[in-house]
Every structure is written in structure tokens, then in C-alpha cells.
Amino acid sequence: MSAYRAQVRTELALASRQGEQLLVSLGIPLLVLTFFSLVEVVPVPTADPVDYVAPATLALAVVSTAMVSLGIGTGFDRQYGVLKRLGATPLGTGRWIAAKTTLVVLTELVQLVVLVGVAAALGWRPPVAGWPAALAGLTLGTLAFAGIGLLLAGTLPGLVTLAVTNGIYLVLLLTGGVIVPVEELPGPLATVSRLLPAAALVEVTTESLVAGGSVGTWAWVTLTAWAVAAPLAAARCFRWE
Amino acid sequence: MPTSTGPVEVIEVEDLVVRYGDLVAVDGVSFTARAGEVTVVLGPNGAGKTSTVEHLEGYRPAAAGRARVLGLDPQRDHHQLVRRVGVMLQEGGIQPAIRPREVLRQYAGFFPDPLDVDELLDSVGLTERAGTTVRRLSGGERQRLSLALALIGRPEVVVLDEPTAGIDLEGRERIRSILEGLRTSGTGVLVTTHDLDEAERFADHVVVIDRGRVVAAGSLADLTSERSTTLGFRSHDPVDVETLGRAMAADARSTGNGAYEVDLPAEPQHIARLSTWLAEQGVAATEIRAGGSRLEDVYRDLVTGAERRDEA
């Protein structure tokens, strides 16, 4: 068995054992999707709430997997000396990154299938033409949030990474346009929010996947900037032990 | 293993210096370790043992001096060495949520010709615990798992940092027998410990270090052979070693911490003469003994010195 496959198998086995991570990556997006699609508690720009909430939860799913799960997993790997120990094996950094990437992509695919399936059951019918832009956005979002997650994991103790990533997740859930559209936020908060990757990612997915939508240029600029800057910062600052 | 071409040096360290900022952890250490031998780096906590082995493992750069493992540079040739060197870190390195069999299979996947996972579990005595998460293993079981991970890739050199720390008697015995097997198979083994008994049990060759420097080195036989050539005693009262030397007609010296020695075999007539002289001088000796091994003397003084520094 190759080193890469051995590492992926271990990562998958460990990930499947982390119940609380499964809750963050599937439970919360599913809860948000069904609750806010069925109960109109907040104003959304679409006639049927699911048309806004479904693509927004896809963005949320990326934040949970790329930043929260990856960050916490890597943070504890680092704290337990797992990364240091792997450094003395032939695995190598390249294959380690490839294995982590595989884990993130596989998790996101499962999230995508489940969330799109449930959203379809709730009556979501997104325009097919919008998918390429939405998937491009989700890819850029994955890079941006994985960068943030790894930056935290590579510089802070495991428990602090856990607290900080969950905290950011909650703040982005509330201010990133997932539940409440950014336009509905107070002016200054909306401005700050547009500079952060979550609101940009939500703008890309919701506007791509709604009939007659158009993605604001600011969203692509913000998202691309984070997708480049965050992984670079992580690579620069990451400490293995 | 000594062959017709003589023993092969698998680790060579020359004037190695390792620094952390202004702190000099390793201050000019030199030693060699050979294939088919167990070399023990012995020293009190904080002596620089871990910094030395972590340089050999490629984790720490050298500020000066050089080291070679299998003739290669630990940092520059790291990617080649990781295939040929088995490492056991002082602590950690394993996910608490993983199980021994899983982590051994994972590591087996990293090497072209790994040992059989089940046989290895058996040899470290973890067969019955193979499916228990690491979190639930005892400290000693984790140490044995960590040792197994060091061995899975059939390394030519094994570097073990405090392998018996926190391990029970049975675990120690297993580790000793595994080291014995490695020695027989011609593997070069470098072990650090702060435990003198451990060093005497495992070692072919001992390197004693303190405060980043080598203070004694040699084969275990060399370091323990001077057993009866000196006569030692301890006293809280001051002793004039010159007078003592004249009285005993032999060289006498203070070895620090209230310990003295006289270059005479520990024979009854010498012991009697020493006791009489001490009594005449009004010096209360707390202990009169045959010299003991040099290793023991050197090491006991180091440890008491280190403890005193810790207290200060």
C-alpha cells in the first residue's frame, strides 16, 4: 500500500470517529437548511426561502469542513506530536497535504450530495447553468477556509484552535449572509462582512444558483484574495511542533 | 555487528552544538555509535540528550559541528534517512483516538518492506490491546507501541529517546530483549536515558553527558572496571587532601560534594588505616567504601549537581 493511501485510510478512520465534527459538518448545515427553509423567520431576497437558504448552506458546509474540521484535526495532530512523528517517516509533507486535501474534498462531496438532496426534497430547483460558477466559488472558498484553518492550527494550541474555529464559524454563520442576507445587516457590519470570505462565498453560491441572479464583482475579488492569501499565510507561519 | 572489515560506525557526532536562541543545549558533543551495538547516552534531565538525538533525527539544526547518520547529513539528507532510521520520540506522536493495530498498519504503509504488524504487536506484547484506543493504554503500553512504530520499517539505525520512561518492570524486560534482538541483527541502536541502572543493563557503550558536554565515554566494561582501585569516603567536615595523601602514602583528592578518594585498593588494611586517620583528625565520615564504578561515581555527582541546580 502506498504511503498516501495509508495516510488517507487513517485520516478517514479517525474522522469517522469524531462525532462532534460530524455534527458541525453535516448536522448544523442540515438544521439551518430545513429550519430556515420551512420557517420564515428572517427576510430573504427570494420568494421561496429554500432558494436562498440552500445555496447558503452549501457555503456553510465548506466553512465547516475546510476551516473547522481541518483546523481542529490538524491542531490536535500538532499538539499530540503526530505531525512531528510523521516528519520522521517517509510520508513527507506533500503526501500529508494530499491526504488532508482528499479528506476535505470527500467530506465536502458527501455534504454536497446530502444537502442538495434534502434541499431538492424541500422544493429547491436551482438553474443548472449556475453550477459551474457555484462550484468554482466553493473551490475558492475551500482554499480560503482551509488556509485559515491551517493558519490557526499551525500557530495555536489544539484547544484554542477548537475554540477559535468554532467561534469564527458561529460569527460567520450570523454575519456571513448564511441566515441573514448581508444587505439586512447594519451598514458598517455589512461593509466589514463583505471583506470577509464567508459573505463573498455566500454571494457567489446564492447568486449563481438562483434564477436571474448575478454575482457581485466584489465577491469574486474578496474570495480570490482570501483563497490566495490564507494558504500563503498558513504555509509561512505553520509550525510543526 | 563486527565483521571482517571491523565495526561500522552508523552515527558520528563531532563537536555538535545545538542552540535555542541564547540557550546552548548541546555544547560540543562528540561520540560515535556502531552497528550491532547499543550506545546509551546517559545524563540527568536537561543535560542535552534530547537536543542531541533530535539533531540526529533531523528536527534541530546544528549551530556548529557536524553529525552523520549512515554517512548522511541528518537535515540535508532527511528524506533518505527517514527510510533507514527508526525513531521513538520522548513523548507523544500518536493520536489518542487511534488503535495500535491501525497506527501500525498506517506506518507499515510508509515503508517498502515493513515487518508483519501482528508479529510486531506480539513482540512488544500488545496483541491483546491491539484494538484498544491509545487513549486507554497505560503509559508503558504507549511506550511499547511507540517502540513498535520505530521498528516497523526494518531500520538500520534506531534512535530511542527515553524508551523506558514510565514503563513497568515487564515492559522494561521486553524492551531489553528487543534491544538484544536488534543488536544481534546488526542494527545500530542509540538510546537516551537518565537512569544509570538502565544504562548498565542495555549498553555496550555509554556516553555520559551533562550541561551539553560529554563528561565520560567508553565501553560499559571500561567505565565499570575500576571498581577496586580507589577507596572513597564522604564527610561533611573539611578534609585536607594533602595531609591525607601523605598519611596514606597515596594520591588523594576531593571529587566534590563532600566526596573524597584515595588511590588505594579497598583492602582491609587500607580501610583500617583510613578510619584511624579520620578519627585522629576528628573527621566524621558518613561512608567509607570501595571506589565503586567510575560510571556510578561520575553519574551520581552529575545527578546531585543537577538537582542542586534545579533547587537554586
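Residues numbered from 1 in each chain as written. Chains lettered and ligands numbered in written order. Predicted model: local features only at pLDDT ≥ 70, side-chain atom pairs only at ≥ 80, totals over all residues. Heavy atoms only, no water.

A few words on the nonpolar core. Residues Leu42(B), Leu104(B), Leu160(B) and Leu179(B) are the most contacted members of the largest nonpolar core, which totals 57 residues. For this core, the element with the highest residue contribution is helix α5 (residues 139-151) of chain B, accounting for six residues. Among the domains, domain 1 (9-84 + 155-224) and domain 2 (96-147) of chain B are the pair contributing at least three residues each to this core. Not counting residues within four places of it along the chain, the set of residues in contact with Leu179(B) comprises Val38(B), Leu160(B), Val189(B), Val191(B) and Phe202(B). Ala56(A), Val68(A), Leu115(A) and Ala227(A) belong to the second-largest nonpolar core, a separate cluster that totals 50 residues. (Core = buried A, V, L, I, M, F, W, Y, C linked by side-chain atoms within 4.5 Å. Buried < 20%, exposed > 50% of the residue type's maximum accessible area, 1.4 Å probe, protein only. Helix = DSSP H or I, 4+ residues; strand = E, 2+ residues; numbered from the N terminus. Domains from an automatic or database assignment. Contact = heavy atoms within 4.5 Å.)

Right, let's talk about the pattern of salt bridges for a bit. Residue and element names in this part refer to chain B. In this structure the tally under the stated criterion is 27 salt bridges over all chains. Two residues, Asp195 and Arg172, come together in a salt bridge whose shortest N-O distance is 3.6 Å. With a gap of 23 residues between them, Asp195 in the loop between β7 (188-193) and α7 (196-202) and Arg172 in helix α6 (residues 169-184) connect regions that are remote in the sequence. Taking the relative accessible area as the measure of exposure, Asp195 reaches 22% and is therefore partly exposed. Owing to a relative accessible area of 19%, Arg172 belongs among the buried residues under this scheme. Between Arg183 and Glu180 there is a salt bridge; the shortest N-O distance is 2.9 Å. Pair noted here: Arg183 and Glu180 are both in helix α6, with a separation of three residues, about one helical turn. Using a relative accessible area of 17% as the deciding quantity, one classes Arg183 as buried. Overall, Glu180 belongs to the partly exposed group, its relative accessible area being 33%. (Salt bridge = Lys/Arg side-chain N within 4 Å of Asp/Glu carboxyl O.)

Further remarks concern the environment of Asp195(B). Residue and element names in this part refer to chain B. Taking the C-alpha atoms as reference points, Asp195 and Val262, separated by 67 residues in sequence, lie 27 Å from one another. When residues no more than four places from it in sequence are discounted, the contact partners of Asp195 are Leu42, Arg172 and Tyr299. A polar contact of 3.0 Å, which involves the side chain of Asp195, links it to the backbone nitrogen of Asp197. (Polar contact = N/O pair within 3.5 Å; in protein donor to acceptor, adjacent residues only side chain to side chain.)

All names here are of chain B. Looking at the assigned domains, one finds that chain B contains domain 1 (9-84 + 155-224), domain 2 (96-147) and domain 3 (231-292). Across the domain 1/domain 2 interface, buried area totals approximately 830 Å², and carbon plus sulfur atoms make up 64% of it. On the domain 1 side of the contact with domain 2, Ile167, Arg174 and Ile178 bury the most area, a combined 45% of that side's loss. Between the two partners, domain 1 and domain 2, sit zero salt bridges. Linking domain 1 to domain 2 there are four residue pairs in polar contact (both at pLDDT 80 or more). Of the residues in the side of domain 1 that touches domain 2, the class split is seven nonpolar, three polar and three charged. (Buried area = accessible area lost by both parts, 1.4 Å probe. Nonpolar A, V, L, I, M, F, W, Y, C, P; charged D, E, K, R; others polar.)

Let's shift gears to the pairing of strand β10 (residues 231-235) of chain B. All names here are of chain B. Among the five residues of β10, five are classified as buried, and the element is accordingly described as predominantly covered. In β10, alternate side chains face the same way, and those of Leu231, Phe233 and Ser235 on one face and Gly232 and Arg234 on the other are all buried. Pairing between β10 and strand β12 (residues 259-262): four bridges, direction antiparallel. Paired with Phe233 across the strands is Tyr260, a residue of β12. (Pairing = 2+ DSSP bridges.)

In this section: the interface of chain A and chain B. If you look at the interface, chain A gives 24 residues, while chain B gives 25 residues. Buried area between chain A and chain B, both sides added, is near 2,200 Å², and the carbon and sulfur share of it is 56%. Note that Lys84(A) is salt-bridged to Glu54(B), the shortest N-O span being 2.6 Å. Between chain A and chain B we count ten residue pairs in polar contact (both at pLDDT 80 or more) in total. For the side of chain A that touches chain B, the secondary structure elements donating two or more residues are α1 (3-16) and α4 (82-86) of chain A. Within the side of chain A that touches chain B, the residues separate by chemical class into eleven nonpolar, seven polar and six charged.

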